[in-house]
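Commentary on secondary and tertiary structure
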Amino acid sequence: EALCWLLDITGSRRVRRGDAVDKSVRWRACAVLDGFLRGLSRQGFAKLPKELQACCMSVLLARCSDRCSDVRQVASEALSTLGGLDKETSEVLRQRALSDCNECVRAACVSALL
């Protein structure tokens, strides 16, 4: 329930999920998700309800295209904890690794793909 609450406050249902106006809120949401996913491990993430998995992935994928490089970096790092990425996620990370203007984001994306 706490994770659902976090995902809701980062964007609410009135705007696109995870699209808070304040960049620090978007960064913190990704950082909390990263900590949550690291605590769960890959097997723990697989045991989450599919709706919650999809919600986490959609927020992190949206943040990989964020206008703030710090948010893009922490979102990429959070995705790297999942391993075994699906085709869509791998493609987003590959595009970011090749074209992002920030070298730290590119490095995080490459790390997530390995």
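A brief look at the structure comes next. Only a predicted model underlies this, so the values are computations on that prediction, with no experimental measurement involved.

A few words now on helix α6 (residues 103-113). Along α6, the positions that sit buried rather than exposed are Val105, Ala108, Cys109 and Ala112. Buried residues of α6, viewed axially, fall in a sector of 100°; they line one side. Of the surrounding secondary structure, the elements contacted by the buried residues of α6 are α4 (69-80) and α5 (87-99). Where α6 begins, one side-chain oxygen reaches toward the backbone nitrogen of Cys104, 2.8 Å away; that side chain belongs to Asn102.

Take the packing of α5 against α6 next. Orientation of α5 relative to α6, taken along the N-to-C sense of each, is 145°, at an axis distance of 8 Å. The two elements α5 and α6 cross, and the hand of that crossing is left-handed. Touching Ser90, Leu93, Arg94, Arg96 and Ala97 of α5 are Arg106, Cys109, Val110, Ala112 and Leu113, all from α6. The class makeup of the residues in the contact of α5 with α6 is six nonpolar, one polar and three charged.

How each quantity is defined
- Residues numbered from 1 in each chain as written.
- Predicted model: local features only at pLDDT ≥ 70, side-chain atom pairs only at ≥ 80, totals over all residues.
- Heavy atoms only, no water.
- Buried < 20%, exposed > 50% of the residue type's maximum accessible area, 1.4 Å probe, protein only.
- Helix = DSSP H or I, 4+ residues; strand = E, 2+ residues; numbered from the N terminus.
- Arc of directions from axis to C-beta.
- Contact = heavy atoms within 4.5 Å.
- Polar contact = N/O pair within 3.5 Å; in protein donor to acceptor, adjacent residues only side chain to side chain.
- Axes fitted to C-alpha atoms, helices over the stretch in contact; angles between N-to-C directions.
- Left-handed = near helix turned anticlockwise from the far one by under 90°.
- Nonpolar A, V, L, I, M, F, W, Y, C, P; charged D, E, K, R; others polar.

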